[in-house]
2 protein chains.
Amino acid sequence: MQFLKTLLLLACAVAASQTSAHAQREDVEQVGAMFDDALTRSHCYEWLRYLCKNIGGRPGGSPAYTAAAAYTAQMLDTVGADTVWLQPVRVPTWQRGTVARVRIVNSQQVGTQALSAIALGFSGGTPKTGISGEVIEVKSLAELDKMNPERIKGKIVFFNRPMDATKANTFHAYGGAVDQRTSGPRRAAELGAVGALVRSMTLRHDDVPHSGVTMFNDQKPIPAMALGIESAELLSALLAQEPNLRINITADCAAGKEQTAHNVIADLRGSELPNEIIVVGGHLDAWDVGEGAHDDGAGCVQAMEVLHLFRRMGIRLRRTLRVVLFANEENGMYGATEYARYAREHKKERQYAAIESDAGGAAPRGFVMDALPDKQNNAHQKAQKWREILAPYGFTDLHTGGSAADISKLRDLGTVLFGYRPDSQRYFDYHHAASDVFETINKRELELGAAGMAALAWLIDKHGF
Amino acid sequence: MQFLKTLLLLACAVAASQTSAHAQREDVEQVGAMFDDALTRSHCYEWLRYLCKNIGGRPGGSPAYTAAAAYTAQMLDTVGADTVWLQPVRVPTWQRGTVARVRIVNSQQVGTQALSAIALGFSGGTPKTGISGEVIEVKSLAELDKMNPERIKGKIVFFNRPMDATKANTFHAYGGAVDQRTSGPRRAAELGAVGALVRSMTLRHDDVPHSGVTMFNDQKPIPAMALGIESAELLSALLAQEPNLRINITADCAAGKEQTAHNVIADLRGSELPNEIIVVGGHLDAWDVGEGAHDDGAGCVQAMEVLHLFRRMGIRLRRTLRVVLFANEENGMYGATEYARYAREHKKERQYAAIESDAGGAAPRGFVMDALPDKQNNAHQKAQKWREILAPYGFTDLHTGGSAADISKLRDLGTVLFGYRPDSQRYFDYHHAASDVFETINKRELELGAAGMAALAWLIDKHGF
């Protein structure tokens, strides 16, 4: 009897492992077919060309943003979304204006010399003749806070801590330096400075200045400009010899009115569980310099491609696939906040999972995942199995951790979050700069990312957490 | 007693695992320090700039190759190699000339129209008025072989099978199509064709033609030209409507004299086992179009950087680190053959391991390894452990398989071979084309590759196989 039982158990185990191997083989084949399709029939590269070349920079609330929302909504409708709608979002705006000049005035060494500069988003403007002052160079906010505030009054604070080139993941290098840009000018203003300069957030050694938001909150804005790396290093070198050097900043940027922008939302309705939602998304707004190719046109067209790929291949998920192109990530995630508010209030819907692409259009490396603690372990174990299926296409990494920007607002609702991670080496060469253009994107790299997002959505839907 | 024995064994196991964990931690720290150093103190990007911008294309046996050998030898000496020598290699040469014209003649649709074309290496030339003929389009050599030879005589054979875009690894797509370029023109000539056209070996959809060697062996060369993809597709579309369309090919390329080129060889002598050699290398020759940035300037400066990194950090391996920059990979691996001959004859030296970088300068993916069957398993197991240490820097892949070009000649000597594998998506956008220029290389990606090669050499030397 015991022997028969053992034999039976053994037979069951063998059958189960065969079934499991068979199921895994099916997954491998289906995922392979999705990659093949993306690499040969995708439109996403041409969509991105249109977003970059015909529309270009598109800050939330700008006419260009409206054009981008209309274009992407139309494309989603054309390729067969069941529903497409525009969700209104009130967003703050800011006008860059036409002048952003930073000049060294009467240096003993170089005379009067322009530096390569760009206004940070939500920088204050200046009178027509600009503001002038001596410069205090610091490497951190903490260094500034330790100073006698009397030294800072009436001065221009220059934040010059480089991103740490030894971080293999450049996002870690960015995370370790970006407080200078986001919070430095406000802190300087609170201490009485009349202007702020920030070394550009890039690891590339050139003189292209990189913009990005700076947050004054309730503080009255002061002019806040990013300097190209070569300009920042020149200024620092001069200050070492001429500590009383004066800088003139002239800029006509200014806060604008609140406007309505729209999240673009397109559904491919689920066949069995239509109220369970798998979101794929990126943010449609992009800084007004450059074309928003890597940040984040790539993520938008990849999310759109997921829906199109399912349509082309005749795949309908059990759950609803929802493309969300978020309005206004750059200036405070207003689009994400509005979508999360909607999701919280529509209780009959469950936001099952969300996949975001907002780390550029380079070749795939993998995903970072995040979820509430009670879901984290189980979801991570499942996802590790899927990673094996995706690895031949370059998706070799699957870590847990803070994974995303816009979709992070869904975490508290129990949504399992995945941030797509392409290779990071080149991202900050282009980020928020005039160099973030279509030509820096490789068609296959873009398509591989989209295919991986589609495959992940399909695996999530098939196997669940 | 049994109890005590068990306890003792347990204690030993714990101690061993602690020692092993400690050793692993040491490796992780040392490898981390090597990456930090490469990302902040490397010269390899500037060396590559010089090779590309001041020297440019450098076919083996050309004056430019001589300049490249002199430059790299000097740099290796400057950064502290113990010995640097130039190993002479006799190489065949070929002159591209100044004319390479392919024209559709008197099409009903488009009249007379030039196609974007470039002569393949070792193509035959034509009379001043060119050669003209009707075109036979085929998708493979097998298709050609099945034809009645009478149909081929006096014609121009057009090989037009695309690289397979569904291969995630583009080298596999290249491997599946390149026989058309390497062997197609010879086969066409054997069957009486007067010329050959080959669709460029690229996955990018543009009209940049890609050169590369074609091999006639004992067959008298005929003119053999690569067409840009758009030109190939136009020609194919026209042939569908006008099968009797005529093409004129005019080219003044011709075989040159045999010349002497040099392998550049630099040693950093081992402290304990100086006769055991760890080779790091790439090939210094590059096609005369473009600047040889990815193919293979990147690999050369990475190999040089390994030596320089050890010098900067004061690391001396137990074994001798040898940089070999191979002469003439592109036209038949004459440099590799000469080095392997030397290695075979110098029996007191043992070629312990070899690491080659000849797959471009993109971000790291890992290594492919190869060895004689008796060494393969053990070496692969060891290397898998090292892969874990290298994974945080992007080296997530370690496969066995045909791994390399130049160093493959050492396999029979028992050398364990490693081919460095950067991401492959962009490689064939540039390969053998005018677009293979310095600007397509990212400094950090180049440095990460070099650091990974250095770390691998260090781990091989420390732990052995």
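This structure is a prediction, so every number in the text was calculated from the model and none was measured.

This part is about the overall build of chain A. The number of helices and strands found in chain A is 14 helices and 18 strands. Over its C-alpha atoms chain A spans a radius of gyration of 25 Å, differing by no more than 12% from the 23 Å that the globule rule assigns to 465 residues. Along the first, second and third principal axes, the C-alpha atoms of chain A reach 95 × 50 × 40 Å. Scored against the burial criterion, the 465 residues of chain A give a buried share of 54%. Taking as baseline every contact in chain A between residues at least 6 positions apart, the subset at least 24 positions apart corresponds to 82%.

All names here are of chain A. The strand order β4-β3-β10-β6-β7-β8-β9-β5 describes an open sheet built from eight strands, whose pairing is mixed. At either end of the open sheet lies a strand with only one pairing partner, and these are β4 (111-115) and β5 (117-119). Within the sheet, the average angular offset between the axes of one strand and its neighbour, ignoring direction, is 30 degrees. Relative to β4, strand β3 (residues 100-107) runs antiparallel, the two being bridged by four bridges.

A word on the relation of the copies chain B and chain A. Superposing chain B onto chain A requires a rotation of 180 degrees together with a translation of 0.0 Å along the rotation axis, leaving an RMSD of 0.0 Å. Interpreted geometrically, this transformation is the action of a two-fold axis. Across chain B, the rotation axis passes nearest the C-alpha of B:Thr396, at a separation of 3.4 Å. The fraction of interface residues of chain B whose copies in chain A are also interface residues reaches 100%, indicating that both copies meet through the same surface.

Residues and elements named next belong to chain A. With four bridges connecting them, strand β6 (residues 131-138) and strand β10 (residues 246-251) associate as antiparallel partners. Paired with Ile131 across the strands is Ile249, a residue of β10. For β6 and strand β7 (residues 156-159), the ladder comprises four bridges, and the chain directions are parallel. Along β7, the bridge assignment pairs Val138 with Phe159.

Note on interface size: it is often stated as the accessible area lost on association of the parts. Residue and element names in this part refer to chain A. Along its sequence, chain A is carved into domain 1 (32-93 + 258-463) and domain 2 (95-255). One C-alpha centre belongs to domain 1, the other to domain 2; they are set 33 Å apart. Taken together, the contact between domain 1 and domain 2 spans 16 residues of the former and 17 residues of the latter. Each residue belonging to the side of domain 1 that touches domain 2 can be placed in one class, and the counts come to seven nonpolar, six polar and three charged.

In terms of nonpolar packing, the biggest core is built from 147 residues, with B:Leu48, B:Val157, B:Met225, B:Val306, B:Ala454 and B:Ala457 touching the most fellow members. Of the residues forming this core, the biggest block, twelve residues, is contributed by helix α14 (residues 443-463) of chain B. Counting contributing residues, this core receives three or more from each of domain 1 (33-93 + 258-463) and domain 2 (97-254) of chain B. In this structure B:Met225 touches B:Ala100, B:Val102, B:Ala117, B:Ile118, B:Ala119, B:Leu120, B:Ser123, B:Leu197, B:Ile249 and B:Ala251, once residues within four positions along its chain are discounted. A:Ala68, A:Ile249, A:Ala362 and A:Leu446 belong to the second largest nonpolar core, which has 146 residues in total.

Turning next to the interface of chain B and chain A. Counting from both sides, the interface comprises 20 residues of chain B and, opposite them, 20 residues of chain A. Of all the secondary-structure elements, those providing two or more residues to the side of chain B that touches chain A are α1 (2-41) and α14 of chain B. Considering every element that reaches the side of chain B that touches chain A, the biggest residue donor is α1(B), with four residues. Along the lines of polarity and charge, the residues of the side of chain B that touches chain A split into eight nonpolar, six polar and six charged.

Moving on to the confidence of the model for chain A. In this model, chain A carries a mean pLDDT of 95, and residues with pLDDT of at least 70 account for 96%. For this predicted complex, the interface score ipTM comes out at 0.93, alongside a pTM of 0.95.

A few words on the environment of B:Ile247. By the secondary structure assignment, B:Ile247 is in strand β10 (residues 246-251). Filtering out sequence-adjacent residues up to four positions away, B:Ile247 remains in contact with B:Val102, B:Arg103, B:Ile104, B:Val105, B:Ser132, B:Gly133, B:Val135 and B:Ile156.

Right, let's get into helix α11 (residues 334-345) of chain B. In this model, α11(B) (twelve residues) spans 17 Å end to end at C-alpha, consistent with the 16 Å of a helix rising 1.5 Å per residue. Those residues of α11(B) not exposed but buried are B:Tyr334, B:Gly335, B:Ala336, B:Glu338, B:Tyr339, B:Ala340 and B:Ala343.

All names here are of chain B. Counted at 1.5 Å a residue, the expected span for helix α3 (residues 63-78) with its 16 residues is 22 Å, and the 23 Å between its end C-alpha atoms agrees. Taken as a whole, α3 has its buried residues at Tyr65, Ala68, Ala69, Thr72, Met75 and Leu76. Down the axis of α3, the smallest arc covering the buried residues is 135 degrees, so these residues share one side. When the buried face of α3 is taken as reference, the exposed residues oriented beyond 90 degrees from it are Pro63, Gln74 and Thr78. Here the buried face of α3 lies against α2 (44-55), β1 (83-91), β12 (259-268), α10 (293-313) and β14 (319-326). Of the residues flanking the end of α3, it is Gly80, one or two places downstream, whose phi is positive at about 110 degrees.

To continue, consider the environment of A:Glu291. Residue and element names in this part refer to chain A. Residue placement: Glu291 occurs in the loop between β13 (273-283) and α10 (293-313). You can call Glu291 buried: it has 28 C-beta atoms within 10 Å. Through-space distance from the C-alpha of Glu291 to that of Phe216 is 26 Å; in sequence the pair is 75 residues apart. In this structure, Glu291 is in contact with Cys52, Gly56, Gly57, Asp436, Val437 and Phe438, ignoring residues within four places of it in sequence.

Residue and element names in this part refer to chain B. Read across the open sheet, the eight strands follow the order β1-β12-β14-β13-β15-β18-β16-β17; overall the sheet is mixed. One side of each edge strand has no neighbouring strand; the edge strands of this open sheet are β1 and β17 (397-400). In this sheet, neighbouring strand axes are inclined to one another by 20 degrees on average, regardless of whether the strands run parallel or antiparallel. One ladder, built from four bridges, connects strand β16 (residues 364-370) with β17; its direction is parallel. By the bridge assignment, Phe367 is partnered in β17 with Leu398. Against the sheet, α11 touches β1, β12, β13 (273-283), β14 and β15 (350-356), its axis set at about 120 degrees to β1.

What follows concerns the packing of α3(B) against α10(B). Residue and element names in this part refer to chain B. Running from amino to carboxyl end, α3 crosses α10 at an angle of 15 degrees, the nearest separation of the two axes being 10 Å. As the angle between them shows, α3 and α10 are arranged roughly parallel. Seen from above, α3 lies across α10 with right-handed handedness. In this structure, α3 uses Thr72, Met75 and Leu76 to contact α10, whose residues at the interface are Cys300, Met304 and Leu307. Considering only residue class, the contact of α3 with α10 consists of five nonpolar, one polar and no charged.

With that out of the way, let us pick up the packing of α2(B) against α10(B). All names here are of chain B. α10 packs onto α2 with a crossing angle of 140 degrees between their chain directions and a minimal axis gap of 9 Å. Here α2 lies oblique to α10, going by the angle between them. Seen from above, α2 lies across α10 with right-handed handedness. Residues Cys44, Trp47, Leu48, Leu51 and Cys52 of α2 touch α10, and the partners they reach there are Ala293, Gly297, Ala298, Val301, Gln302, Met304 and Glu305.

Criteria and cut-off values
Throughout, residues of each chain are indexed from 1 in the direction in which the sequence is written. Naming scheme: in the order in which they are written, chains are lettered from A and ligands are numbered from 1. A pLDDT threshold of at least 70 governs which residues receive local features in this predicted model, and a stricter bar of 80 or more applies before side-chain atom pairs are shown or counted, although totals over entire chains, interfaces and linings include all residues. Secondary structure counts use DSSP, requiring at least four H or I residues in a row for a helix and at least two E residues in a row for a strand, with both numbered from the N terminus. Only C-alpha atoms enter the radius of gyration; for comparison, a globular chain is expected to reach 2.2 Å times N to the power 0.38, where N is the number of residues. Any residue surrounded by 20 or more other C-beta atoms within 10 Å of its C-beta is treated as buried, while 12 or fewer makes it exposed and the intermediate range makes it partly exposed; C-beta atoms here are placed from the backbone. Here, residue contact means that the backbone-derived C-beta atoms of the two residues sit within 7 Å. Here, strands pair whenever DSSP counts at least two bridges between them. Orientation is described by axes fitted as lines to C-alpha atoms, over the contacting stretch for helices, and by angles from 0 to 180 degrees between their N-to-C directions. What sets the superposition is a least-squares fit of C-alpha atoms, and only residues with pLDDT of at least 70 in both copies go into it. Start and end positions for the domains come from either an automated domain assignment or a database one. Nonpolar residues are Ala, Val, Leu, Ile, Met, Phe, Trp, Tyr, Cys and Pro. Charged residues are Asp, Glu, Lys and Arg, and all others, Gly as well, are polar. Nonpolar cores are built from buried Ala, Val, Leu, Ile, Met, Phe, Trp, Tyr and Cys residues. These are joined into a set through C-beta atoms within 7 Å. What pLDDT reports is the predictor's confidence in each residue, on a scale of 0 through 100. To estimate how far a helix should extend, the number of its residues minus one is multiplied by 1.5 Å. The arc refers to the directions leading from the helix axis to the C-beta atoms. By the definition adopted for this analysis, an angle is roughly parallel if under 35 degrees, roughly antiparallel if over 145, roughly perpendicular if from 65 to 115, and oblique otherwise. Crossing handedness is read from the near helix: turned anticlockwise from the far helix by less than a right angle, it gives a left-handed crossing, and turned clockwise, a right-handed one.

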